[in-house]
Amino acid sequence: MTYRIALATSAAQPDLDDRGQEILAALRAAGHEAEAAVWTDSAVDWEAFDAVVIAGAWDYAQRYDDFLGWAWRAAAQTLVLNPEPLVRWYADKRYLADYASEGLPMVPAQFITVHDATLDHDYLDVDHVVRPSISGGLAEAFRFGPADADASRAKLEEIKASGSSVMVFPYAGEVGSISLVYIGGEYSHAFGRDLAAEVNGDPAEGRPAEVLTDAEPTDAERALADAALKPIDPANPPLYVRVDLVRTPAGDPLILEVQVVQPDLHLERIDGGAAKFADAVVARIAAAKA
């Protein structure tokens, strides 16, 4: 069976980046028709595709409402991966409050909506990070210290004025961090991240810059990452998901984020990563058509 597959990308990168091109090549090598398609292009006939994979829409956070509207319309016409309900739920990091309510060990965070009158928050007296709750990565995060209360409030006010809620959490850049990637519902690989180098980093190629290190998850980290996937409806599973963890000074893992919308999976870090991803795409299409 030959499928026609679109990799949804941004107008800034209509031909995808090198990693997207590798996925296209892997899909084509497997005998399928695959092409890049700009998600904001009204001329694209999404119904003509057997599936649309969100693979290069790095601008989704800047066009949040438009992006969700597009995902909803596209899902009415074809298979969208990741599924639109998951995209809608996980695009705003306020989902983390629900994770915390389930008792999972989390990086503590406070969420301040655009309607909240106060500019004060719980972490003004410690090193902390202020970021939009709708954002694509730590390149959109800003670090402040106990002496920077006015600057922290000003950044919070600026983010609220942009129309986004605000996420504030204690700075943990000096502790260890690891990201675990799942493809097709199965654990695939992991890598470490230098969070200290990422905060206030400049985006590269239109996406948040990530500073990677080699890392393998401990048993405790694997167990916590697996637990982070349990709230996801198994009847509507993701094609891909990335669970970002940090470690306490005692070495215990905490959930920082569960990325279901446009994370960088860093497939280049495993042999045949693009082919593995392409196989999972095809398997998900076949299952949907069965």
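Calculation rules
- Residues numbered from 1 in each chain as written.
- Predicted model: local features only at pLDDT ≥ 70, side-chain atom pairs only at ≥ 80, totals over all residues.
- Heavy atoms only, no water.
- Helix = DSSP H or I, 4+ residues; strand = E, 2+ residues; numbered from the N terminus.
- Buried < 20%, exposed > 50% of the residue type's maximum accessible area, 1.4 Å probe, protein only.
- Contact = heavy atoms within 4.5 Å.
- Salt bridge = Lys/Arg side-chain N within 4 Å of Asp/Glu carboxyl O.
- Phe/Tyr/Trp six-rings, centres within 6.5 Å; stacked < 30°, edge-to-face > 60°.
- Lys NZ or Arg CZ within 6 Å of the ring centre and 35° of its normal.

### Here's the deal with the side chain of Lys155
And step 1. Checked against the element boundaries, Lys155 lands in helix 5 (residues 149-161).
And step 2. With a relative accessible area of 13%, Lys155 lands in the buried category.
And step 3. With sequence-adjacent residues up to four places away left out, Lys155 is seen in contact with Val130, Phe142 and Phe144.

### Remarks on the pattern of salt bridges
And step 1. Scanning the entire structure with this criterion turns up 18 salt bridges.
And step 2. Of the charged contacts, one joins Arg63 and Asp66 as a salt bridge, the two residues approaching to 3.2 Å between their closest N and O atoms.
And step 3. Accessibility expressed as a relative area gives 36% for Arg63, which makes it partly exposed.
And step 4. For Asp66, a relative accessible area of 42% translates into the label partly exposed.
And step 5. For Arg153, the salt bridge goes to Asp120, with nearest N and O atoms at 2.6 Å. Residue Arg153 is located in helix 5, and its partner Asp120 is located in the loop between strand 5 (110-112) and strand 6 (128-132); the two are separated by 33 residues in the primary sequence.
And step 6. Among the residues examined, Asp120 registers a relative accessible area of 39% and is labelled partly exposed.
And step 7. Bridged by salt links that share partners, the residues Arg19, Asp264 and Glu268 form one connected network.

### With respect to the packing of aromatic side chains
And step 1. Taken as a whole and judged by the stated rule, the model has 11 aromatic pairs.
And step 2. Taken together, a centroid distance of 5.3 Å and an interplanar angle of 90° make the contact between Trp39 and Phe67 edge-to-face. Of the two residues, Trp39 sits in the loop between strand 2 (33-38) and strand 3 (51-56) while Phe67 sits in helix 2 (residues 64-75), which places them 28 residues apart along the sequence. As far as the burial class goes, Trp39 and Phe67 line up, both buried.
And step 3. Ring pairing ties together the aromatic residues Trp39, Trp46, Phe49, Tyr60, Phe67 and Trp70, which thus form one cluster.
And step 4. The ring centre of Tyr171 lies 3.8 Å from the NZ or CZ of Arg143, which sits over that ring.

So far we have only geometry, and geometry alone does not tell us how the molecule works.
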